[in-house]
Amino acid sequence: MSDRYSALSLARHALSDAPWPRAWRTPEPKSSYDVVIIGGGGHGLATAYYLAANHGIKNIAVLERAYVGSGNVGRNTTLVRSNYVLDGNTQFFEFSMKLWEGLSHTLNFNVMLSQRGQIVLAHGPVQLDVLARKGNIMRLNSIDAELLDRDAVMKLLPYLDYSTEARFPIDGGLLQRRAGTVRHDAVAWGYARAASSLGVDIIEQCEVTGFEISQGQVTGVRTTRGPILAGRTAIAVAGHSSHLAAMAGLRLPVESHLLQAFVSEPIKPFVDHVISFGAELFYISQSDKGGLVFGGHIDGFNSYTQRGQFAKVQTVAECAVALIPSISRLRLLRHWGGIQDMTPDGSPFICRTPLRNLYLDGGWCYQGFKATPAAGWCLAHTVANDEEHPLSRCYGLDRFERGAELDDYAIGNWTYKQ
Amino acid sequence: MRIVCPLCGERSHTEFRYGGDATKKRPAHGTEDRQVWHDHVFLFDNPKGPHREYWQHVLGCRQWLVLERNTATNVSGESRLATDAVTR
């Protein structure tokens, strides 16, 4: 087991030749567990951690097909924020934001939360009205929000294009100061280490190939490392939720789509905030290493390839230059694609399923990373109590039947337009 | 990704617009079972592998196509006009 990280342990290790212990154990899978979690990403590991820490369930396995951090937890733009409009989303993502704020202490692992503030831009008076409404909704829910006029945005972000030639003039914006970025790898590693030290078995290189089902009840999983019996089983494999659910005979309101993200060559500190363009889906921030990190919309058709199409690279680059002309000669250093579950209303699932003892965390669309702590917290509650957490009751699989869709952007029933 | 349009030939996918799963069959008019409509509208097979799907050649002949494409590799195969696919 790893020892506690502290200034003292740092000094002790500095003076000794002994290497740091591995952050988490690598046990062989046992034949049976109280809870098996499929997916060793941020959500799966967070669920395991909160099951152990909040609910006292320690006999848990997290099964990861590849290695911890290889999936979407390391394939995002690391943004965290809680500026939503609809009841349900607003409270859930604010709860997540609060968990982020204490996470480094909770996990004894520095996840490098940087609350640098996020500014959503308005490119017309009507859009500014919409942002004012959003800000009011946030403030009614005790979430910080500040409406900025054009001058205030100019002061905070002097490097945007305010010229008369700007394709999209800037009229103002909405600032959430508590929003920011988190080092995404550290989130996976921190949860893995904390869960492992509470007794959770993290089993990498272990792909689930099927479920054991008898009389409408999931009793275990088949894996590439042998069968494992499970009291309760949770799926947290967003991107591949349909693929896993199909093994259990379930169809989900999910299509898998590809989202790309980009990092430029490193430059000196320049973009101090997270900026969201208002004219197209585009967001940009600067990493601690100096690279500009940005992303856009999904490629537009379902895909499991983890490899983006060039057309989207071009669109995103165009957005970047339209907003910040001075970066037009920066070169892209890295670029990656992640597969995400897209749902008909753009909102996720944290719920029971039609099969007993099988639980689902999926359908995360664009919001999986920022939801990591709250999703783990709520899924752990759902698994432990066989009942949804009050904050995630709105994220049931039955919400379309009930007419209770949560379409925060009012886009309509198209997974590939959400 | 390249898509072969039956009328215009091989083109970049950027000329096309994705239109969803083409294996879904719309329930008959007058179907009253809401579960049937729910499943039709909201549920997807979403396979990792061969997929039959609608595309519209918006920047070309503007026809709707049915395309066979592998979602695990993006290799696209045969396409035909959606009107042919429906009447066949």
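Further up the page is the structure itself.
In this text, all values refer to a predicted model and were calculated from it rather than measured experimentally. (Residues numbered from 1 in each chain as written. Chains lettered and ligands numbered in written order. Predicted model: local features only at pLDDT ≥ 70, side-chain atom pairs only at ≥ 80, totals over all residues.)

**Comments concerning the sheet that holds strand E5 (residues 146–149) of chain A**
Residue and element names in this part refer to chain A.
Now for step 1: One open sheet accounts for eight strands, arranged E5-E6-E4-E13-E14-E15-E12-E16; its pairing is mixed. Every other strand in the sheet has two partners, leaving E5 and strand E16 (332–342) as the edge strands with one partner each. Going from strand to strand, the sheet's axes swing by 25 degrees on average, the running direction of each strand aside.
Now for step 2: The sheet contact formed by strand E4 (residues 118–122) and strand E6 (residues 172–176) spans five bridges and is antiparallel. (Pairing = 2+ DSSP bridges. Helix = DSSP H or I, 4+ residues; strand = E, 2+ residues; numbered from the N terminus. Axes fitted to C-alpha atoms, helices over the stretch in contact; angles between N-to-C directions.)

**A word on the sheet that holds strand E6 (residues 76–81) of chain B**
Residue and element names in this part refer to chain B.
Now for step 1: Taken together, four strands build an open sheet; the order of strands is E3-E4-E5-E6 and the sheet is antiparallel. Every interior strand has two partners, whereas the edge strands, strand E3 (17–21) and E6, have only one. When the angles between neighbouring strand axes are averaged without regard to direction, this sheet yields 30 degrees.
Now for step 2: Relative to strand E5 (residues 64–70), strand E4 (residues 50–56) is paired through seven bridges, and the arrangement is antiparallel. By the bridge assignment, proline 50 is partnered in E5 with asparagine 70.

**Side note on helix H4 (residues 125–140) of chain A**
An α-helix turns once per 3.6 residues; consequently, residues spaced three or four apart project the same way.
Residues and elements named next belong to chain A.
Now for step 1: Taking 1.5 Å per residue, 16 residues should reach 22 Å; H4 reaches 22 Å between its end C-alpha atoms and fits that length.
Now for step 2: Of the residues making up H4, those classed as buried are Leu128, Leu131, Lys134, Gly135 and Met138. Here the buried residues of H4 occupy an arc of 115 degrees about the axis, which is enough to place them on one side. Exposed residues lying more than 90 degrees from the buried face of H4 are Pro125, Val126, Arg133, Asn136 and Leu140. (Expected span 1.5 Å × (residues − 1). Buried ≥ 20, exposed ≤ 12 C-beta atoms within 10 Å, placed from the backbone. Arc of directions from axis to C-beta.)

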